Amino acid sequence: MEAATFQSGRSARGGGDLIAWLEAVLATRRNLPPTPHAIDSKLGASSPAYSLASAELTAIYAQCRDLSVVRLKRDMWANLLTTASGTRFSDDDALFVDHSLLVAMAEVIGHAVVGFPLETPEVDAKAIMSGKFFTQSQVGGVVESDFFDWIVHVPAGEKFLMDLARRLSRFAWGEVEHDVLKGLYESIIPKHVRHRLGEYYTPDWLAEEIVASCVRTPLHDRVLDASCGSGTFLFHSVRAYISAAQAAGHNELDIIRGVTEHVIGFDIHPVAVTLARVTYLLALGMERLRAPGRPAFAVPVYLADALQWDRESTLWGNDLQIPTTLDHESLVQDPAIHGSNLSDTLQFPESLVSDSGKFDRLVTEFADKATSRERGSAVPSLAGTFRRFGIPKEDRPGLQQTFAVMCRLHDEDRDHIWGYYIRNRARPLWLARPDNRVDILIGNPPWLAYRYMTEPQKKVFRSMSAERNLWVGRNVATHQDLSALFVVRCVERYLRSNGRFGFVMPLGTLDRSQYIGFRRGRFSVAAETVDAAFGRPWDLQHVQPNFFPQSVGVVFGQRQSEGKTAVPLTLAPECWAGTLPKKTATRSEAQTHLARRVRDGPRKPQPLHESLYSGRFFQGANLVPRFLFIVDEKDNGPLGSGGSRQAVSSRRSRLEKRPWKDQPTLHGSVEVPFIRPLFLGESILPFRALPPLQAVIPWDGSRLLDGDSEDLDQYPGLAHWWRRAETAWVENRSSGRLSLVGQINYQRKLTQQFHTEGRRVVYTKSGLYLAAAIVPTPHAIIDHKLYWGSVADLDEARFLLSILNSATLTRLVRPLQGRGMHNPRDFDKYIFKLPIPVYDSSQATHQQLVSLAERAERVAAEVALPAVRFEIQRRQVREALMRDGVAAEIDAIVATLLQC
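Residues numbered from 1 in each chain as written. Predicted model: local features only at pLDDT ≥ 70, side-chain atom pairs only at ≥ 80, totals over all residues. Heavy atoms only, no water.

**Q** Looking at this model, I keep getting lost on the sheet that holds strand β17 (residues 645-650). Mind explaining?
**A** Note on sheets: strands pair through backbone hydrogen bonds, and any given pair is parallel or antiparallel. Ordered by their spatial adjacency, 6 strands build an open sheet running β18-β17-β16-β22-β19-β25, and the pairing between neighbours is mixed. Looking at which strands have only one partner, the edges of the open sheet turn out to be β18 (667-671) and β25 (781-782). Where strand β19 (residues 675-679) and β25 come together, 2 bridges link them in parallel fashion. Counterpart to Phe-679 in the pairing with β25 is Ile-782. Packing of helix α27 (residues 716-732) onto the sheet brings it into contact with β16 (630-633), β17, β18 and β22 (693-696), and relative to β18 it is tilted by some 135°. (Pairing = 2+ DSSP bridges. Helix = DSSP H or I, 4+ residues; strand = E, 2+ residues; numbered from the N terminus. Contact = heavy atoms within 4.5 Å. Axes fitted to C-alpha atoms, helices over the stretch in contact; angles between N-to-C directions.)

**Q** Looking at this structure, how should I read the pattern of salt bridges?
**A** When the charged atoms of two side chains lie near each other, side chains of opposite charge can form a pair. For the structure shown, the criterion picks out 38 salt bridges. For Arg-855, the salt bridge goes to Asp-884, with nearest N and O atoms at 2.9 Å. One end of the pair, Arg-855, is in helix α31 (residues 844-861); the other, Asp-884, is in helix α32 (residues 870-884), with 29 residues separating them in the sequence. Connected via shared salt-bridge partners are Arg-65, Arg-74, Asp-91 and Asp-93. (Salt bridge = Lys/Arg side-chain N within 4 Å of Asp/Glu carboxyl O.)

**Q** Sorry if this is basic, but what is going on with the packing of helix α3 (residues 48-64) against helix α5 (residues 93-113) here?
**A** Any two packed helices are characterised by the angle at which their axes cross and by the distance between the axes. Taken N-terminus to C-terminus, the directions of α3 and α5 make an angle of 120°; their axes are 10 Å apart at the nearest point. Every pair of crossing elements has a handedness; the one defined by α3 and α5 is right-handed. Two secondary-structure elements touch here, α3 through Tyr-50, Ala-53, Ser-54, Leu-57, Thr-58 and Tyr-61 and α5 through Asp-93, Phe-96, Val-97, Asp-98, Ser-100 and Leu-101. Grouping the amino acids of the contact of α3 with α5 by side-chain chemistry returns 7 nonpolar, 3 polar and 2 charged. (Left-handed = near helix turned anticlockwise from the far one by under 90°. Nonpolar A, V, L, I, M, F, W, Y, C, P; charged D, E, K, R; others polar.)

**Q** Before we go on, may I ask you to explain the pairing of strand β23 (residues 759-764) in this structure?
**A** Residues in a regular strand point their side chains to alternate faces of the sheet. Across the 6 residues of β23, 5 count as buried, placing the element largely inside the fold. Of the strand pairs in this sheet, β23 and strand β26 (residues 786-791) are connected by 6 bridges, and their pairing is antiparallel. From the neighbouring strand, Val-761 faces β26, where its bridge partner is Gly-789. (Buried < 20%, exposed > 50% of the residue type's maximum accessible area, 1.4 Å probe, protein only.)

**Q** Could you clarify how one ought to interpret the confidence of the model for the protein chain in this entry?
**A** Close inspection of predicted coordinates is inappropriate for parts of the model with low pLDDT. Per-residue pLDDT for the protein chain averages 83, and the proportion of residues at 70 or more is 86%. Counting interchain partners and residues more than four positions distant, the pLDDT-below-50 stretch residues 10-14 has 2 contacts. Here residues 328-341 is modelled with pLDDT under 50, and outside its nearest four sequence neighbours on either side it reaches 46 contacts, counting other chains as well. (pLDDT = per-residue confidence, 0-100.)

**Q** Explanation requested: the nonpolar core in the structure shown.
**A** In summary, soluble globular proteins display a tendency toward joint burial of nonpolar side chains. In this structure, Trp-150, Tyr-280 and Leu-281 are the most contacted members of the largest nonpolar core, which totals 91 residues. Sort the elements by how many residues they give to this core and α5 lands first, with 13 residues. (Core = buried A, V, L, I, M, F, W, Y, C linked by side-chain atoms within 4.5 Å.)

What follows is the structure, given as structure tokens:
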């Protein structure tokens, strides 16, 4: 198998590239500094070392994927990531292998940090992956048997892991001064995969700045990052505690004991938890960990669903119940609430769970006893265990039943994960007890968009949001995300009265309509009062280089004590601006390169009125992936196609993404009535529509035909094309929820176009400048990158074109838009938040706009358009309109009309 290759070529370094490549493959250099650049070049996705390791582990997995020990852990991994990332998660072999490799690397690094001799004969792979040496050293919670230790339970896994350990042990891990594993994760997991899963890690400079702003008394503040990712906030919180403790004269032993009581992390992502645990260890420092007399401790980072989907706020009064199916639905919907069969649950009394140390030891003993017995043998007695742990008589029957379930899981070869999973699942329950709540909540919550949630998640999200006054309604449902509910839920469950919080949030939190309930700060539920007092937020949209795909802010506040009212999020934000020298900049570098000032006045809130045109415009159809629909006409040949057919093939684009770009082009001969004109976003310029493309649409005049329909066979050409398109869709779609017809007609965005009469005005969904035109073809299809609306006559159409194409409208709508990495994002129907009046032919200004639009159409039509990108063509038309003067005349009238 070819895994890593070197291609010679001209280089200024001469043979230096080959030497560097050979060194990376052979891993000959020692004591390498663990800088972000070194980590990326020696271990990242572009390194030969990664290529070799990934290819070898992929081959090992292919040989053992059907073993029960592998299947169980793969299934649980998939269920957790579905809960974390919704429908954007794809249960993919390559991702599972990459995650397994990342965890193996992190666990090896964890051993190397404290100086365990990885290259000595007494160290084997199972000892590394089980955390045996940490256990012997009385350091818990760093490395445990988890979802990814399947590697050492299969043939060839031992040798693979020890080779990996040899490569990694050449770094001087004790010199780390940042979250190196974040960089490693971002290097190994492709950018498009991380973006699909919504995984965006906070840069170190920002995390450290938020820690400094929130954690004002590190020696007293108990800090929780409930979505800790790779541990960036934990790293800087640990370092803040250590600095304060050293300044106060604390000895090294007290520092370790104190920091693990004051800095805690949760995450539902199993890879993130492993990375965060090792990051926590790195933050403690090797010298401190090796100090004589160092106390026994456990790293307090847990695999935990901090949100606790659909769990009651009064959970601290209930027993812990864990279903052994652990499918996605059981993670989102509490089986105790929804009436699921509890006979196969693992149940523990609340009194036991509240004592975390005792609980962990008992669960470990249960797991060891269940797995050390011969399969199928009688369930052992727990009498001695109950006496030793002081278990009350009334709790013993339930625990005996739980132990019996664990024995049965062992008999069914499903026992390899339960001890680990149970101990972690209990932590949110324990921390939610009022006496255990923390002083500070910090972090970057999950930004899972509502449209990417699974159906169980959507149902619970709506219910939980409505109860906490966060649900705005279906009109903005697709714009809502999990971040606001996550923050509110964490404040409700884990933050004490007068405790403070600081979270990285979408910038839209400050003024978008979908966050209006969050900004009010009133989140009370039936069980208790939850009010927040918001402080001054940060606006980071002008910080370069961008670190998220949309604009970012930070919100601060505190949980109000009983009797104090909420303080809404209304303060003008502190705006940060400047360019950092690199993405891995430190806090000191950020302070040097970024300017901070309070904006003059708050961000302009969205207006409450809505133009009557809002209800007359609709988004176009989801014709994605495009190559299944959009076609180029081909030569029908010397005899033609016969039967009123047209030879066509898929129109391909260099912008296609995987997996669609790897699919073969479709060819066929389709009946002409099923080939319709199609207008895309790129078809529309200001006051001018370009010629439409052609698309295969299975509409027979009354309904859409799918592959199972017998009526489809009346049209052999269409049937041949459409069934191949359906096969490609089913084999490559990211979710099984929608058929191909369901995809193109989602929310009736296609079929409602067939029932409209009269002219249609369309405008672009996104872009720096809005463009609008009249669609000249009555039966054309409008794509989802456009919004369309029917108008009564040509005059009304031109009246709207004048307003929609005006620079005035673009300027006024920008404060209402969300922001992407560089510019405002979609226009959507935000434009109708402006007071656009309905056309009235008796109004002189309306008639003026009609006349000016007709003039603008002539100017736009006369622009000679070269074969360049549509953005350039739009700019050329706008420039022609400005030179003519018609653009300025339109802007002046529109400004008066919209009263600005």
